[in-house]
Number of protein chains: 2
Amino acid sequence: METAWKAGLEDVIAARSAICQVNGEAGRLYYRGYEVGELAGAVSFEEVTALLWFGELPGPAEAAAFAARLRAARGLPAPVRTLLETLPRDTHPLDALRTAVSLAAAHDPDAGANDPAANLRKAVRLMTLVPETVAASRRIRAGRAPVEAPGGDSHGAYVLELCEGRTPSPETARILDVVLTLHADHEFNASTFAARVAVATLADLHAAVVAAIATLKGPRQGGANEDVLAMLLEIGDPARAEAFVERRLHARAALSKHERGAPTARVPGFGHRVYRVDDARARVLRAMAKSTAAATGRTRLFEVAERVYDAMRARTTLPVNVDFFSAVVYDALGIPPDLCTSIFAVGRVAGWCAHALEQLADNRLIRPRAEYVGPAPRPLPARSEGRR
Amino acid sequence: METAWKAGLEDVIAARSAICQVNGEAGRLYYRGYEVGELAGAVSFEEVTALLWFGELPGPAEAAAFAARLRAARGLPAPVRTLLETLPRDTHPLDALRTAVSLAAAHDPDAGANDPAANLRKAVRLMTLVPETVAASRRIRAGRAPVEAPGGDSHGAYVLELCEGRTPSPETARILDVVLTLHADHEFNASTFAARVAVATLADLHAAVVAAIATLKGPRQGGANEDVLAMLLEIGDPARAEAFVERRLHARAALSKHERGAPTARVPGFGHRVYRVDDARARVLRAMAKSTAAATGRTRLFEVAERVYDAMRARTTLPVNVDFFSAVVYDALGIPPDLCTSIFAVGRVAGWCAHALEQLADNRLIRPRAEYVGPAPRPLPARSEGRR
């Protein structure tokens, strides 16, 4: 067994992967060799999904066939809708999503099958199940019925129509398409790694996505997304941003190492395990946050975000991450804070499936060891032995 | 980043832990320093749970208080029962369990809280929720109602009464108690590691247990349990065991490396990532399998198991693992093959909670890296650029 080790498996390689390349020093991210900023908006999220799953961008005929396959999978399963209708109103959207995907496994036409063709069919169904569940759950919580037979030629337009019940403008659909592409994959982030740990036992694809959603919820991963929007809304006024950051950093300096782990002790949207400089996705999202804020008139939140960003740059070396400006874009799209992580999942499910399929294609059980730091072998205390 | 790495994180240390020590060379297993074979039967599963969670065996008063706390948490939440009643009859028990625990999160009185006291309350509830769900799900599938207000002084007796609707004999309750203790923890096995990956994002305890159940399902982990019992029942006659093993190993030799990964290409119950010799738990279970088979008269299955064991020892160096003889004990307890992994979960939930609580007490995001083996950075093909 190794004797040197890194807490949190930092910089430790867990497996080979041909899907996603992260260059933390340069702040660059590639899907199958294509820089994510070049892909976003140039090709559709559906094409990006096909790229992640199959290794190459589809040609026009393949792209059309793949998009048609996704459209054919549309439709929230009735038992999942029934489940969502019976959840308490204050159920966290990610708890609802996790339970819904877990339930859908039992109703999947390929339940029990674990061959490559069945897994691909399941992956296609999971791509539509996730947004259908997110949207239906949100509407039901607001006292509205899920949207019946929504249209939407693209996946982005479909997702927005699922949420709002009306055809989105091409520009709005394009914004969501870009957001989904930017969130589609990120190597062995915690949720994707959890998906790989699950399927490495030869558990099925739904199990992998359930494990991923369970892991995504934490504020150290997807949960940070909603913390950003909640923080920006709490600050509210650009003039208050600097003092807020100052206060938060000052309070943090007084905390113990353990207390600093609490989400409330951080400025969410900054810092990342892998990146040393601003994240490539954050750069695209910052520009998009500015233009969408201008288009929707919600410029105040963007200004708050800019001031927080400047205040953090002046005081820390923490790079801005994907969560920060995406929160402003979500707000412009009318997405409330507690739904941000769900929208993250709508994009990331493409990557979860890509990694689950890649893991299954050349599998090895993922089973690390612990450094044992507990008591040495010891005999049972006398009173227990007396009971044998 | 490291350049050398081990597939499946084999022998790689992922974190410190004071809970469980596995000595793979000697085939020994310790919970907090106590050898598992000495604990099993000498102290109750409830005391073992307290040991795993708090670090020391409870004194008599503490043990009584902890057992009372577990009893006070009893009672299947009504929404979980409703869910189980609506699942398709052929739902895999672990899919039902995973969905039920995920749903219970939304109904938990401490939903949203993530402080140590709330997490301990959740852990106590999860200890009873898992067997209640397993038993109710099994009964409902068989067209029977869940047992109303079951008694059972000990956890083992409670679990058996939940399943059968009648008070078990002290000897049967003791057998289950020992089985639960033997399955209670096993360091960073895949499901426990998944639980730690989930909570390391600061996701909640239910999320951790859901990720663990999702991971447990695979035949490379808990799923192997049911494969053993199915195999022994398929062999049926001790006289056929040797030929069966011979055939399976012969067929395996002709397979490609990839095909050998399939569960059907293995003799389940043999081989382990960590152990090089017979597993300590297997030794206890083998003795118990013999005595329970004698007591219940189901000696034929034990004889089949013994023959398979001898045939494997004569032909391979693979050690026997915990799954093999536990299958015979499960059969003697009247547990059908597809419920074996659920009973595994009834014991292992103690360890999942112990590890989740330990991870949260000194947390670090678990986020490894991939060795990227895909295409080098490349420009978008012309047709895509034309569409921008």
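Preceding this paragraph is the structure being described.
Quick look at the structure, then. Model, not experiment: these values are computed from the prediction. (Residues numbered from 1 in each chain as written. Chains lettered and ligands numbered in written order. Predicted model: local features only at pLDDT ≥ 70, side-chain atom pairs only at ≥ 80, totals over all residues. Heavy atoms only, no water.)

As for the packing of aromatic side chains
Turning to step 1, where the next piece is worked out: Counted under the stated rule, the structure contains 19 aromatic pairs over all chains.
Turning to step 2, where the next piece is worked out: Plain terms: the ring middles of Phe 302 of chain A and Phe 325 of chain A are 6.4 Å apart, the flat faces sit at 45° to each other, and that makes the pair tilted. In this pair, Phe 302 of chain A sits in helix H14 (residues 299-315) while Phe 325 of chain A sits in helix H15 (residues 322-332), placing the two residues 23 residues apart along the sequence.
Turning to step 3, where the next piece is worked out: Given a relative accessible area of 10%, Phe 302 of chain A falls into the buried group.
Turning to step 4, where the next piece is worked out: Residue classification places Phe 325 of chain A among the buried residues on the basis of a relative accessible area of 1%.
Turning to step 5, where the next piece is worked out: When the ring of Phe 324 of chain B is compared with that of Phe 325 of chain B, the centres are 5.0 Å apart and the planes differ by 85°; the resulting orientation is edge-to-face.
Turning to step 6, where the next piece is worked out: Under the relative-accessibility criterion, Phe 324 of chain B is labelled buried at 0%.
Turning to step 7, where the next piece is worked out: Counting every residue linked through ring pairs, the aromatic cluster contains Phe 270, Phe 302, Tyr 309, Phe 324 and Phe 325 of chain A. (Phe/Tyr/Trp six-rings, centres within 6.5 Å; stacked < 30°, edge-to-face > 60°. Helix = DSSP H or I, 4+ residues; strand = E, 2+ residues; numbered from the N terminus. Buried < 20%, exposed > 50% of the residue type's maximum accessible area, 1.4 Å probe, protein only.)

Brief notes about the sheet that holds strand S2 (residues 20-23) of chain B
Turning to step 1, where the next piece is worked out: The strand order across the open sheet built from 3 strands is S2-S3-S4 (chain B), with neighbouring strands paired in antiparallel fashion. Each edge of the open sheet carries a strand with a single partner, namely S2 and strand S4 (34-35) of chain B. (Pairing = 2+ DSSP bridges.)

Describing the interface of chain B and chain A
Turning to step 1, where the next piece is worked out: On the chain A side, the residues contacting the 105 residues of chain B number 105 residues.
Turning to step 2, where the next piece is worked out: The junction of chain B with chain A conceals about 9600 Å² of combined surface from both sides, 56% of it contributed by carbon and sulfur atoms.
Turning to step 3, where the next piece is worked out: Counting the surface chain B buries against chain A, the share from its top three residues, Ile 13, Arg 367 and Arg 369 of chain B, is 9%.
Turning to step 4, where the next piece is worked out: The interface formed by chain B and chain A includes 12 salt bridges.
Turning to step 5, where the next piece is worked out: The residue Arg 364 of chain B makes a salt bridge to Glu 10 of chain A at a minimum N-O spacing of 2.3 Å.
Turning to step 6, where the next piece is worked out: Scanning the region where chain B abuts chain A turns up 53 residue pairs in polar contact (both at pLDDT 80 or more).
Turning to step 7, where the next piece is worked out: If one sorts the elements of the side of chain B that touches chain A by residue count, helix H5 (residues 93-107) of chain B sits on top with 8 residues.
Turning to step 8, where the next piece is worked out: Here the side of chain B that touches chain A is built from residues that sort into 57 nonpolar, 22 polar and 26 charged. (Contact = heavy atoms within 4.5 Å. Buried area = accessible area lost by both parts, 1.4 Å probe. Salt bridge = Lys/Arg side-chain N within 4 Å of Asp/Glu carboxyl O. Polar contact = N/O pair within 3.5 Å; in protein donor to acceptor, adjacent residues only side chain to side chain. Nonpolar A, V, L, I, M, F, W, Y, C, P; charged D, E, K, R; others polar.)

Considering the relation of the copies chain B and chain A
Related by rotation about an axis and a shift along that axis, the two copies of the chain form a pair.
Turning to step 1, where the next piece is worked out: The transformation that overlays chain B on chain A combines an axial shift of 0.0 Å with a rotation of 180°, and the residual RMSD is 0.0 Å. Such a turn and shift between the copies fits a two-fold axis. Taking C-alpha positions as the reference, the residue of chain B nearest the rotation axis is Ala 211 of chain B, at 2.1 Å.
Turning to step 2, where the next piece is worked out: An overlap of 100% is found between the interface residues of chain B and their copies at the interface of chain A, pointing to a shared contact surface. (Least-squares fit on C-alpha atoms with pLDDT ≥ 70 in both.)

Here we look at the side chain of Ser 326 of chain A
Residues and elements named next belong to chain A.
Turning to step 1, where the next piece is worked out: Residue position: Ser 326 is located in helix H15.
Turning to step 2, where the next piece is worked out: A polar side-chain atom of Ser 326 sits 3.4 Å from a polar atom in the side chain of Asn 225.
Turning to step 3, where the next piece is worked out: Aside from chain neighbours lying at most four places away, what touches Ser 326 is His 183, Asn 225 and Leu 285.

Re the nonpolar core
Turning to step 1, where the next piece is worked out: Membership of the largest hydrophobic core comes to 230 residues, with the highest contact counts inside it found for Leu 232, Val 308 and Phe 324 of chain A together with Leu 232, Val 308 and Phe 324 of chain B.
Turning to step 2, where the next piece is worked out: Ignoring anything within four residues of it in the chain, the contact list for Leu 232 of chain A reads Leu 301, Val 304, Ala 305, Val 308, Phe 324, Ala 327 and Val 328 of chain A.
Turning to step 3, where the next piece is worked out: In this structure, Val 12, Ala 15 and Ala 370 of chain A together with Ala 200 of chain B belong to the second largest nonpolar core, which totals 32 residues. (Core = buried A, V, L, I, M, F, W, Y, C linked by side-chain atoms within 4.5 Å.)

Interpretation in functional terms is not warranted from these geometric data alone.
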